[in-house]
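# Overview (structure and organization)
Next come the chains, spelled out residue by residue.
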There are 2 protein chains.
Amino acid sequence: MPSITRRRTANVGRPTSAEAEILAATQRLLINGANFTELGVQQISTEAGVARSTFYNHFRDKVDLLMRLATELMSSSFDVTSAWHPSEGVEHLADVFSQVMRVYRKHAAVRRALAEVAAYDATVRDFWGRELTQFTDWTLTLLRAEQDVGRTPADLDLESAVRVIVMGGERALVDHVTAGDPGRDAAFARELALTWWHGVYRRPADDGGAG
Amino acid sequence: MPSITRRRTANVGRPTSAEAEILAATQRLLINGANFTELGVQQISTEAGVARSTFYNHFRDKVDLLMRLATELMSSSFDVTSAWHPSEGVEHLADVFSQVMRVYRKHAAVRRALAEVAAYDATVRDFWGRELTQFTDWTLTLLRAEQDVGRTPADLDLESAVRVIVMGGERALVDHVTAGDPGRDAAFARELALTWWHGVYRRPADDGGAG
DNA sequence: CCACGTCTGGACATTGTGTCCGGAAATTAC
DNA sequence: GTAATTTCCGGACACAATGTCCAGACGTGG
């Protein structure tokens, strides 16, 4: 893959140029349930009301387009999550998950596309992986601290626990958002929070130190 | 997609025909780390020492090939799992997960390919979904029974819990197998078992009713 | 030897990708 | 207003991969 290049030169003077049109069109198509992989450059261009060649004036290829969409849209759900701390208790954690779920629902289409392409494209996979690394690192730090203070069992296998929480959690969340009943978002968030909480602390609901 | 058709006519008379050759070659390529999506019919045929047209004599397309590989190889890890019952306790559950992990490691390549294609192909996604449905149903039944007997908290949201366990667990498992240290399979299995156990029962390690 | 089924190798139509270019159109600079 | 610059259009091109089709080679069993 060549370098990034192709930075717009005088985009400033033209607010809604073809570029924005293409990004919007792609989102529209994705939201309508289109499958990113079998979405041709032609279709995207047509939907955007733009010549196919124009697409290539702005994007190296479909993957480039997807990444741009992602960075543009993905108001990191990480910010929401990382604000939480065990001292705030389980119920608060459930609230956090609820918020994350809202973010997921909002950007569901793009996230679906990301997951889809990540399965077979290394570039996107790495990008996505980097995104998840934030969570992994954060969780690891948090769990280690809890363990040091003796709140979490000493025999907890940190690496495995983090994997179960981050990878597993992400997957369950996506599955709920794509297949579950939106009316039960809160219930799901609570269940997820409680499962992690008790799973990791391995004891009854002693509100996490109520402190 | 057309119907299933294409059943071998006189396969019996020739044990190791092109068909087996192709299946084996594909596995070889996958195990060597090849990406199923960017694996051309030409490459597969060449690797199998067979003409490209021969490929189409046996498989409708690449997806067909993948499904055949899958059903042939996937000695359901379900059998292993479904043999377990809560009365056997957590540690036994960890053993079960260890066994499942062995199955996963063995068929890792094909499973990776399945996950990959499932991301963008409906046929494979459905197939894969059906596979997971077994687990979902089983877990649901089990949890409901536990809840009826009052061993599991009444406020447990069944549907969500199942999602967290099955989808999340599968993902974490795959992640561990592909990215984790094989030497720590047991540790991971145990962590997974303990997290589910305590997460679902929400109380300390009262060995699950000890029978 | 003949019939049958399989394998071969190549031709073919089709679809999608990414590149390139000449000219139209619009924007900016002068 | 005119010239220069940039973008967009639309179409041509080369290239790669799919899936279909067929004529002929090959080998086995009757």
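Quick caveat, the model's predicted, so the values are computed rather than measured.

## Description of the overall build of chain A
The secondary structure content of chain A amounts to ten helices and zero strands. When each of the 211 residues of chain A is scored for burial, the buried share is 51%. Expressed as a percentage of contacts within chain A between residues at least 6 apart in sequence, the contacts between residues at least 24 apart total 67%. Split by element, the accessible area of chain A, about 9900 Å² in all, is 54% carbon and sulfur.

## Some details on the interface of chain B and chain A
Chain B puts 36 residues into the contact, and the matching count from chain A is 36 residues. When the two sides are added together, the surface that chain B and chain A hide from each other amounts to roughly 3300 Å², 57% of it contributed by carbon and sulfur. Scanning the region where chain B abuts chain A turns up eight salt bridges. The salt bridge partner of A:Glu191 is B:Arg202, with a shortest N-O separation of 2.5 Å. Inspection of the region where chain B meets chain A yields twelve residue pairs in polar contact (both at pLDDT 80 or more). For the side of chain B that touches chain A, the elements supplying multiple residues, two or more each, are α7 (108-118), α9 (158-179) and α10 (185-201) of chain B. Of the residues forming the side of chain B that touches chain A, the biggest block, twelve residues, is contributed by α9(B). Its residues assigned to classes, the side of chain B that touches chain A shows 15 nonpolar, nine polar and twelve charged.

## Points about the environment of A:Phe59
Inspection of the secondary structure assignment puts A:Phe59 in the loop between α3 (52-58) and α4 (62-73). Once you skip the residues sitting within four places of it in the chain, A:Phe59 turns out to touch A:Glu19, A:Ile22, A:Leu23, A:Asp64, A:Leu65 and A:Arg68.

## A few points about the relation of the copies chain B and chain A
What relates the two chain copies is a rotation about an axis together with a slide along it. Once chain B has been moved 0.0 Å along the axis and rotated by 180°, it coincides with chain A to within an RMSD of 0.1 Å. The transformation relating the two chain copies, once decomposed into turn and shift, fits a two-fold axis. Mapped onto chain A, 100% of the interface residues of chain B again fall at the interface, so both copies present the same surface.

## Comments concerning the pattern of salt bridges
Scanning the entire structure with this criterion turns up 24 salt bridges over all chains. When the shortest N-O distance is used, the salt bridge between A:Arg68 and A:Asp64 registers 3.7 Å. With a gap of four residues between them, A:Arg68 and A:Asp64 both fall in helix α4, about one helical turn apart. For the pair shown, A:Arg68 and A:Asp64 are each scored as buried. The salt bridge involving A:Arg184 is made with B:Asp157; its shortest N-O contact spans 2.3 Å. Pair noted here: A:Arg184 is in the loop between α9 (158-179) and α10 (185-201) and B:Asp157 is in the loop between α8 (122-148) and α9, and the two residues belong to different chains. Under the relative-accessibility criterion, B:Asp157 is labelled buried at 11%.

## Some thoughts on α10(A)
All names here are of chain A. Here α10 contains 17 residues, and its C-alpha end-to-end distance of 24 Å stays within 8% of the 24 Å for a straight helix at 1.5 Å per residue. For α10, a buried count of 14 out of 17 residues is recorded, marking the element as mostly surrounded by other parts of the structure. The positive-phi residue at the C-terminal boundary of α10 is arginine 202, with phi of around 55°.

## Points about the UniProt feature "DNA-binding region" (unreviewed entry) in chain A
Listed under "DNA-binding region" (unreviewed entry) in the UniProt record, and renumbered for this structure, are residues 40-59 of chain A. Helix makes up 75% of residues 40-59 of chain A and strand 0%, whereas the separation of the span's terminal C-alpha atoms amounts to 14 Å.

## Let's talk about the protein's contact with DNA strand D
For DNA strand D, the set of nearby residues contains 16 residues, the closest of which are A:Ala18, A:Ala51, A:Thr54, A:His58 and B:Arg52. Take A:Ala51: an N or O atom from its main chain is 2.9 Å from a phosphate oxygen of DNA strand D. Here a phosphate oxygen of DNA strand D sits 3.3 Å away from a polar atom, N or O, in the main chain of B:Val41. Element by element, the count of residues in the surface near DNA strand D is highest for α3(A), at four residues.

## Description of the packing of helix α1 (residues 18-31) of chain B against helix α4 (residues 62-73) of chain B
All names here are of chain B. Viewed as axis vectors pointing N to C, α1 and α4 meet at an angle of 85°, and their least axial separation amounts to 11 Å. Taken as axis vectors, α1 and α4 run roughly perpendicular relative to one another. Each of Glu19, Ile22, Leu23, Thr26, Gln27 and Leu30 in α1 lies in contact with α4, whose residues at this interface are Leu65, Arg68, Leu69, Glu72 and Leu73. Among the residues forming the contact of α1 with α4, the class breakdown is six nonpolar, two polar and three charged.

Basis of the calculations
Residues numbered from 1 in each chain as written. Chains lettered and ligands numbered in written order. Predicted model: local features only at pLDDT ≥ 70, side-chain atom pairs only at ≥ 80, totals over all residues. Heavy atoms only, no water. Helix = DSSP H or I, 4+ residues; strand = E, 2+ residues; numbered from the N terminus. Buried < 20%, exposed > 50% of the residue type's maximum accessible area, 1.4 Å probe, protein only. Contact = heavy atoms within 4.5 Å. Areas by Shrake-Rupley, 256 points an atom, 1.4 Å probe, with all protein chains shown as cover. Buried area = accessible area lost by both parts, 1.4 Å probe. Salt bridge = Lys/Arg side-chain N within 4 Å of Asp/Glu carboxyl O. Polar contact = N/O pair within 3.5 Å; in protein donor to acceptor, adjacent residues only side chain to side chain. Nonpolar A, V, L, I, M, F, W, Y, C, P; charged D, E, K, R; others polar. Least-squares fit on C-alpha atoms with pLDDT ≥ 70 in both. Expected span 1.5 Å × (residues − 1). UniProt positions renumbered as here; feature names shortened; annotations may be inferred. Near = heavy atom within 4 Å. Axes fitted to C-alpha atoms, helices over the stretch in contact; angles between N-to-C directions. Parallel < 35°, antiparallel > 145°, perpendicular 65-115°, else oblique.

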